[in-house]
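Inside the fold
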Amino acid sequence: METRYPRLPTDTDNGLLVIMSGPSGVGKTTITRAVERSIRDSIFSISATTRARTDADVEGVDYHFVDDATFSSMVEGDEFLEWAEVFTNRYGTPRAWVEEQLARGRLVILEIDIRGAEQVKKKMPDALGIFVLPPSEEELLRRLRSRKREDEATIQRRFAEAKREIAQAQADGVYDVFIVNEHLEEAIEEAVGAVRAARE
Ligand code: 5GP
């Protein structure tokens, strides 16, 4: 069922939810953050996660890092618009915050996995789903290796997972737009264009 939001005093009158997904190593975070910078009134939704914080992560900027018990109580309290387990950790989107931003007419960007996207599209069919693809499987494997973050076994697991995810994304009709990230600047332009078009 479509969710309707009460109108609050807003900077625009045009709330929109954008879902960005794609396999790891495809460059989706860079594209997502560029969309956020390019579009006025857009705002990135900060998920809660049970994943351990790395040196590259900033609490409250990349994620809200919580322990397992806290995450479970948030699930029980219906605090998530969607949540999913990804690579043994749980991640969830804060429901009340997202609803309030939409009611204010803002453009809210979720960077979530495909199972999360399915849940959101069911609740909010007007959400725009964007899936970022690598130019080829070989290039994705090369990018995963070049991050030098993981050992070869982990890279191979992520690669296999990525191929499954891409096939599923193309089959299940959750995504409205597929963007191939061959040249980053062009991919950003395409993503910004798709979001602007959906907002109009
Ligand atoms: P990472 O740990 O590398 O930051 O994220 C791992 C995966 O979890 C990515 O595919 C990312 O899009 C996904 N993810 C991050 N936050 C959420 C969320 O709130 N919900 C869901 N379903 N997936 C998320």
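Here's a quick rundown of the structure. Bear in mind the structure is a predicted one, so any value in this text is a computation, not a measurement. (Residues numbered from 1 in each chain as written. Predicted model: local features only at pLDDT ≥ 70, side-chain atom pairs only at ≥ 80, totals over all residues. Heavy atoms only, no water.)

1. Focus on the nonpolar core
Which entries qualify depends on this criterion: In these notes, a set of buried Ala, Val, Leu, Ile, Met, Phe, Trp, Tyr and Cys residues joined through side-chain atoms within 4.5 Å is what counts as a nonpolar core. Burial status follows relative accessibility: with a 1.4 Å probe on protein chains alone, a residue under 20% of its type maximum counts as buried, one over 50% as exposed, and anything between as partly exposed. Any two residues whose heavy atoms approach within 4.5 Å at even a single point are treated as in contact.
Residues Val18, Met20, Ile31, Val35, Leu107, Ile130 and Val195 are the most contacted members of the largest nonpolar core, which totals 20 residues. If sequence neighbours within four positions are ignored, Ile130 has contacts with Val18, Ile19, Met20, Ser21, Tyr175, Val177, Ile179, Ala191, Ala194 and Val195. In terms of nonpolar packing, the next biggest core, distinct from the first, is built from 19 residues, Leu81, Leu102, Leu110 and Ile166 among them.

2. Description of the packing of helix α1 (residues 28-38) against helix α7 (residues 184-199)
Quick note on the threshold: All axes here are fitted lines through C-alpha atoms, helices being fitted over the stretch that makes contact, and every angle between N-to-C directions spans 0 to 180 degrees. A run of DSSP states H or I qualifies as a helix once it reaches four residues; a run of E qualifies as a strand once it reaches two. Both are numbered from the N-terminal end. Oblique is the label for every angle not falling under 35 degrees (roughly parallel), over 145 degrees (roughly antiparallel), or within 65 to 115 degrees (roughly perpendicular). Helix crossings get a hand from a simple test, with the near helix turned counterclockwise from the far one by less than a right angle marking a left-handed crossing and a clockwise turn marking a right-handed one. Asp, Glu, Lys and Arg are counted as charged, while Ala, Val, Leu, Ile, Met, Phe, Trp, Tyr, Cys and Pro are counted as nonpolar; the rest, among them Gly, fall into the polar class.
For the pair α1 and α7, the least separation of the axes is 9 Å and the interaxial angle reads 55 degrees. With respect to α7, the element α1 is oriented oblique. Note on packing geometry: the crossing formed by α1 with α7 is right-handed. Residue-level inspection shows Thr30, Ile31, Ala34, Val35 and Ser38 of α1 in contact with α7, the latter providing Leu184, Ala187, Ile188, Ala191, Val192, Val195 and Arg196. In the contact of α1 with α7, the residues fall into 9 nonpolar, 2 polar and 1 charged.

3. Considerations on helix α5 (residues 137-146)
Along α5, the positions that sit buried rather than exposed are Glu139, Leu140, Leu141, Arg143 and Leu144. Where the residues of α5 are buried, they touch α6 (152-171).

4. Concerning the packing of aromatic side chains
To keep things clear, this is the line we draw: The aromatic pairing rule takes the rings of Phe, Tyr and Trp, using the six-membered ring of Trp, and pairs them if the centres are within 6.5 Å, calling planes under 30 degrees apart stacked, those over 60 edge-to-face and the rest tilted. Working rule: Lys NZ or Arg CZ, within 6 Å of ring centre, within 35 degrees of ring normal, means a charge sits over the ring.
What the rule picks out here adds up to 7 aromatic pairs. Considering the side-chain rings of Phe71 and Trp83, the 5.9 Å spacing of their centres and the 75 degrees angle between planes classify their relative orientation as edge-to-face. Here Trp83 lies in strand β5 (residues 80-86) and Phe71 lies in helix α2 (residues 68-76), a separation of 12 residues in the sequence. Aromatic pair Phe131 and Phe178: ring centres 5.8 Å apart, planes at 50 degrees, arrangement tilted. In this pair, Phe131 sits in strand β8 (residues 128-133) while Phe178 sits in strand β9 (residues 177-180), placing the two residues 47 residues apart along the sequence. What makes Phe131 buried here is its relative accessible area of 0%. Every member of this aromatic cluster is reached through a ring pair, and the members are Tyr63, Phe65 and Tyr91. In this structure, Arg33 is placed above the aromatic ring of Phe44, and the distance from its NZ or CZ to the ring centre is 3.8 Å. The ring of Trp83 has Arg90 lying over it, and the distance from NZ or CZ to the ring centre is 5.9 Å.

5. Re the site of the ligand
For clarity, the threshold we go by: If a single non-hydrogen atom of a residue is within 4 Å of a molecule or strand, that residue counts as near it. Throughout this description, a polar contact denotes any pair of N or O atoms lying within 3.5 Å of each other; where both atoms belong to protein, one of them has to be capable of donating a hydrogen while the other can accept it, and for residues adjacent in sequence the pair is counted only when both atoms sit in side chains. Using a 1.4 Å probe, accessible areas were evaluated by the Shrake-Rupley method; residue-level cover was limited to the displayed protein chains.
The environment of the ligand is formed by 14 residues, the closest being Ser47, Arg51, Tyr63, Glu82 and Tyr91. Within the side chain of Tyr63, a nitrogen or oxygen atom sits 2.5 Å from an oxygen atom of the ligand. One of the side-chain nitrogen or oxygen atoms of Asp113 is found 2.7 Å away from a nitrogen atom of the ligand. For the ligand, the protein covers 87% of the area, taking 520 Å² as the surface of the free molecule. Of all the secondary-structure elements, those providing two or more residues to the shell around the ligand are β5 and β6 (89-94).

6. Looking at the packing of α5 against α6
In helix packing, the relevant descriptors are the interaxial angle and the interaxial distance, both defined with respect to the helix axes. At a minimum axis distance of 10 Å, the contact between α5 and α6 shows a crossing angle of 145 degrees. In this structure, the crossing between α5 and α6 has a hand that is right-handed. In this structure, α5 contributes Glu137, Leu140, Leu141, Leu144 and Arg145 to the contact, and α6 contributes Glu152, Ile155, Gln156, Arg158, Phe159, Ala162 and Lys163. Of the residues that constitute the contact of α5 with α6, the class distribution is 6 nonpolar, 1 polar and 5 charged.

7. Some points on the pairing of β8
The test is simple: Pairing between strands is defined by DSSP: at least two bridges between the two strands are required.
Among the 6 residues in β8, 6 count as buried, and that is most of the element. Covered by surrounding structure in β8 are Leu128, Ile130 and Val132 together with Gly129, Phe131 and Leu133, the residues of both alternating faces. Both strand β1 (residues 16-21) and β8 contribute to a ladder of 4 bridges, which runs parallel. Looking at the pairing, Ser21 lines up with Phe131 of β8. Examined bridge by bridge, β8 and β9 share 4 bridges and lie parallel to one another. Across the sheet, Ile130 pairs through a bridge with Val177, a residue of β9.

Interpretation note: all reported values are geometric properties and have no functional meaning in isolation.
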